[in-house]
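Residues per chain are reported as follows:
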There are 2 protein chains.
Amino acid sequence: MEKLIQFKDLSRFTSDVFKKMGCSNADAQTATTTLLSADLRGVDSHGVARLSGYVRLWEAGRINTAPQIKIIHETPSTAVVDGDAGLGLVVAPFAMQVAIQKAATAGTGWVAVKNSNHYGIAGCHAMMALEHDMIGISMTNASALVAPTFSKERMLGTNPIAVAIPAAEQPPFVGDFATTTASNGKLEILQRQEKEAPKGWVQDMEGKATTNAAILKENGSMLPLGSDIEHSSHKGYILGSLVDIFCGVLSGASYGPWVPPFPAYVPMPENMPGQGLGHFFGAMRVDAFRPTAEFKAEMDHWINRFRQAQTVEGYDKVLIPGDPERESEKMRLQAGIPLMNSVYEDLRKLSGKFNVDFI
Amino acid sequence: MEKLIQFKDLSRFTSDVFKKMGCSNADAQTATTTLLSADLRGVDSHGVARLSGYVRLWEAGRINTAPQIKIIHETPSTAVVDGDAGLGLVVAPFAMQVAIQKAATAGTGWVAVKNSNHYGIAGCHAMMALEHDMIGISMTNASALVAPTFSKERMLGTNPIAVAIPAAEQPPFVGDFATTTASNGKLEILQRQEKEAPKGWVQDMEGKATTNAAILKENGSMLPLGSDIEHSSHKGYILGSLVDIFCGVLSGASYGPWVPPFPAYVPMPENMPGQGLGHFFGAMRVDAFRPTAEFKAEMDHWINRFRQAQTVEGYDKVLIPGDPERESEKMRLQAGIPLMNSVYEDLRKLSGKFNVDFI
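The rules we used
Residues numbered from 1 in each chain as written. Chains lettered and ligands numbered in written order. Predicted model: local features only at pLDDT ≥ 70, side-chain atom pairs only at ≥ 80, totals over all residues. Heavy atoms only, no water. Helix = DSSP H or I, 4+ residues; strand = E, 2+ residues; numbered from the N terminus. Rg over C-alpha atoms; globule rule 2.2 N^0.38 Å. Buried < 20%, exposed > 50% of the residue type's maximum accessible area, 1.4 Å probe, protein only. Contact = heavy atoms within 4.5 Å. Areas by Shrake-Rupley, 256 points an atom, 1.4 Å probe, with all protein chains shown as cover. Lys, Arg positive; Asp, Glu negative; His and termini not counted. Charge placed at Lys NZ, Arg CZ, Asp CG, Glu CD. Least-squares fit on C-alpha atoms with pLDDT ≥ 70 in both. Salt bridge = Lys/Arg side-chain N within 4 Å of Asp/Glu carboxyl O. Pairing = 2+ DSSP bridges. Axes fitted to C-alpha atoms, helices over the stretch in contact; angles between N-to-C directions. Parallel < 35°, antiparallel > 145°, perpendicular 65-115°, else oblique. Left-handed = near helix turned anticlockwise from the far one by under 90°. Nonpolar A, V, L, I, M, F, W, Y, C, P; charged D, E, K, R; others polar. Core = buried A, V, L, I, M, F, W, Y, C linked by side-chain atoms within 4.5 Å.

**Student:** Go over the overall build of chain A, please, and point to the residues and values.
**Tutor:** Helices and strands together make up the secondary structure of chain A, namely 10 helices and 12 strands. By the compact-globule yardstick of 21 Å for 359 residues, chain A fits well, its C-alpha radius of gyration being 20 Å. Oriented by its inertia axes, the alpha-carbon framework of chain A measures out at about 50 × 50 × 45 Å. Relative to its 359 residues, chain A shows a buried fraction of 62%. For chain A, restricting intrachain contacts to residue pairs at least 6 apart in sequence, the fraction spanning at least 24 positions comes to 65%. Of the roughly 13,500 Å² that chain A leaves accessible, carbon and sulfur atoms contribute 51%. Considering chain A, the positive charge centre built from 33 side chains and the negative charge centre built from 38 side chains are found 3 Å apart.

In structure tokens form, the structure reads like this:
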């Protein structure tokens, strides 16, 4: 059911495809690094499995592979970036770099992005801050699949948030999560296995609870983190809304039910209030608050204490956010990246289509 | 079971008590405004019901009512504030004002606070930004009641996050929520009513699911937003951790299981890694991103669209974050604030203790 592909082979192939789409060498490399960080970190739904999806968006004229990405407004600690309909995989690292530069002089940097596309996993952009001894923040809106509390209508995307915080001896703290109860990727896995979803993940088109993992195909919707009002789904709804407003309204991108869809066959929403989808990035210099070494030592102390928290029977350790993804990355860099047959075949078709060497 | 007290009477009384504790007139007014914003907004657990708790902390020497609150480190967009063990109700508005001033010149302002105490509800500080056409952010750590995913140990407070965003014709968007499935206030209400808690709110000292609303008295713990791993409690754990790190580690306050307790009879934690508890505030000038009028018009558009989202049967409207609290404030300013008899008697005792006119 799976093929194991070496990272460097997958990387070479992916970069070749991006170049054939019209990306510059540098952009192809950036897009590849961003996209494959998902495969390395074990978020298979957001990695190379989506490469053909990006190709279809490009064919539909919804992605500009030679964008003039630029800052259109700025203050000492903020900027707005126009992505010129470029690949989010390229626009996002550009914008995060702007946030980091702002932070270098102003202490913090905050960048809202409009006119972009899907940017891969949120975490990899936030993590760009780490080597500068900064805290990195990354979020994006996405096309609507999630119903607010009390609603049966899809109004919000899975709108992820990622925050990366450096430590000293310990690896960094990296939280990266969709603001829904479950990720769409997990639902897709259950669908393929023809299994039911746990209660509280999705609802049907009338807003009734269901365990049908394929209910999104029947106009169902995903539920905000918290699942139902008794378990505070309004908090997940607030979180998803904040991401939507920071990424969409603050930047001039589209928002709410008007965010452009990822599948190229889905028509663009009518009366879009802004341009493309939006992201929001932050970088905070640790030493804008306290000496870096002191902060990092305290982070080690924090992480060590949480690692030692007493566990519930049946679990041998408490995890620190970022642990599972780091474990995956280490393993996959050595052993290779497992691709499902369907993804492997998808890539073979791209190889033929663009006449590039297969993996 | 309840007494209805006019806001201005409760306000005069509360301010008198703070003055007797040694607060300056200005500080007493600030503390009162902050504390009673909880009563007005319907968050009864965080308002005047806690006044005697603050008094006991002061008696125990854990609160300094004449603090020298000062900025101890800063950059163009950041500052660290030392609260000098003052009332969080006074320290927090000071720090939020610093964030707003920073934003006026740098576009955004971010302030970490150490050596503080409980600051009332998160939302009222975030809302200070609104009149300046800024987005306001407020969070605080708190003493540990919440177990991380896979753990049975109390490691985090209910660590709330609030974000306030201005609109034009529409009232502002104000999200204000604990990063747990349920608030401690809701648990207390169930205890008083001798009712069971819904599944997923708390666990017992072994980490087993329970519906015992009084389980915190038996070394149980609250659960992070998401409740269990199947419903992504690790996301609530990440959120609570982020608040703890931003408020505690970044500022030099205490953090995790070492955050000082609110009840004065609970001994202070040993080996505290920092000073007092911590807060984190942010202010972002809307026009640091796009023209204010344009942004506010888009916020109206966002809010109007979400208000019109189709509802699930049995619910007549989708709420915008801040709606219920605003409704409460409007009603209570007119009709008075309902105080439970136990709270009313508590205040009567304070009236005698400090020789101030009763409400």
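**Student:** With reference to specific residues and values, describe the relation of the copies chain A and chain B.
**Tutor:** Note on the identical chains: chain A maps onto chain B by a rotation of 180° and an axial translation of 0.0 Å, with an RMSD of 0.0 Å. In short, the pair behaves as if placed about a two-fold rotation axis. Distance from the rotation axis, computed per C-alpha, reaches its smallest value in chain A at Gly226 of chain A: 2.5 Å. Taken as a fraction of all interface residues of chain A, those also at the interface in chain B reach 99%, which identifies the copy contact as same-surface.

**Student:** Please provide a residue-by-residue account of unusual backbone geometry, values included.
**Tutor:** For Ser227 of chain A, which is not glycine, the phi torsion reads 75° and is therefore positive. Relative to the helices and strands, Ser227 of chain A resides in the loop between strand E10 (221–222) and helix H7 (233–249). Using a relative accessible area of 11% as the deciding quantity, one classes Ser227 of chain A as buried. One non-glycine residue, Asp84 of chain B, lies in the positive phi region at around 50°.

**Student:** Lay out the pattern of salt bridges with the relevant residues and their values.
**Tutor:** Residue and element names in this part refer to chain A. Applying the stated criterion across every chain yields a total of 30 salt bridges over all chains. Salt-bridge contacts for Arg332 lead to Asp44; the nearest nitrogen and oxygen are separated by 2.8 Å. Of this pair, Arg332 sits in helix H9 (residues 323–335) while Asp44 sits in the loop between helix H2 (25–40) and helix H3 (51–59), and the two are 288 residues apart along the sequence. What makes Arg332 buried here is its relative accessible area of 12%. In this structure Asp44 comes out as partly exposed when scored by relative accessible area, which is 34%. For Arg290, the salt bridge identified is with Glu298, shortest N-O distance 4.0 Å. The network of salt bridges with shared partners includes Arg290, Glu294 and Glu298.

**Student:** Quick rundown of the sheet that holds strand E5 (residues 134–140) of chain B? Include the residues and the values.
**Tutor:** All names here are of chain B. Read across the open sheet, the 7 strands follow the order E2-E3-E4-E11-E5-E6-E7; overall the sheet is mixed. Each edge of the open sheet is held by one strand with a lone partner, namely strand E2 (70–75) and strand E7 (173–177). Strand-to-strand twist across the sheet, computed as the mean angle between neighbouring axes with direction ignored, equals 10°. Pairing of strand E4 (residues 108–116) with strand E11 (residues 277–285) involves 7 bridges; the strand directions are antiparallel. Bridge pairing in E11 places Gly109 opposite Ala283.

**Student:** So, the side chain of Ser143 of chain B: which residues are in play, and what are the values?
**Tutor:** Along the chain, Ser143 of chain B falls in the loop between E5 and strand E6 (161–165). Other than its neighbours up to four places away in sequence, Ser143 of chain B contacts Leu156, Gly157, Val259, Pro260, Pro261 and Phe262 of chain B.

**Student:** So what's going on with the packing of helix H1 (residues 7–20) of chain B against helix H10 (residues 341–354) of chain B? Residues and values would help.
**Tutor:** When two helices pack together, their arrangement is given by the angle between their axes and by how far apart the axes lie. Residues and elements named next belong to chain B. Where H1 contacts H10, the axes come no closer than 11 Å and their chain directions differ by 45°. The orientation of H1 relative to H10 falls into the category oblique. Note that H1 runs across H10; the crossing there is left-handed. In this structure, H1 uses Leu10, Phe13, Val17 and Lys20 to contact H10, whose residues at the interface are Leu347, Leu350, Ser351 and Phe354. Grouping the amino acids of the contact of H1 with H10 by side-chain chemistry returns 6 nonpolar, 1 polar and 1 charged.

**Student:** Please give an account of the packing of H2 of chain A against helix H4 (residues 88–106) of chain A that cites residues and values.
**Tutor:** Residue and element names in this part refer to chain A. Between H2 and H4, whose axes approach to 8 Å, the crossing angle comes to 95°. As far as their axial angle goes, H4 and H2 are roughly perpendicular. On the side of H2, the interface is formed by Asp27, Thr30, Ala31, Thr34 and Leu35, while H4 contributes Leu89, Val90 and Pro93. Classifying every residue of the contact of H2 with H4 gives 5 nonpolar, 2 polar and 1 charged.

**Student:** Help me get a handle on the nonpolar core, residues and values and all.
**Tutor:** Ile165 and Phe280 of chain A together with Ile165 and Phe280 of chain B are the most contacted members of the largest nonpolar core, which has 104 residues in total. Aside from chain neighbours lying at most four places away, what touches Ile165 of chain B is Leu242, Ile245 and Phe246 of chain A together with Leu130, Ile135, Pro172, Phe173, Phe295 and Met299 of chain B.

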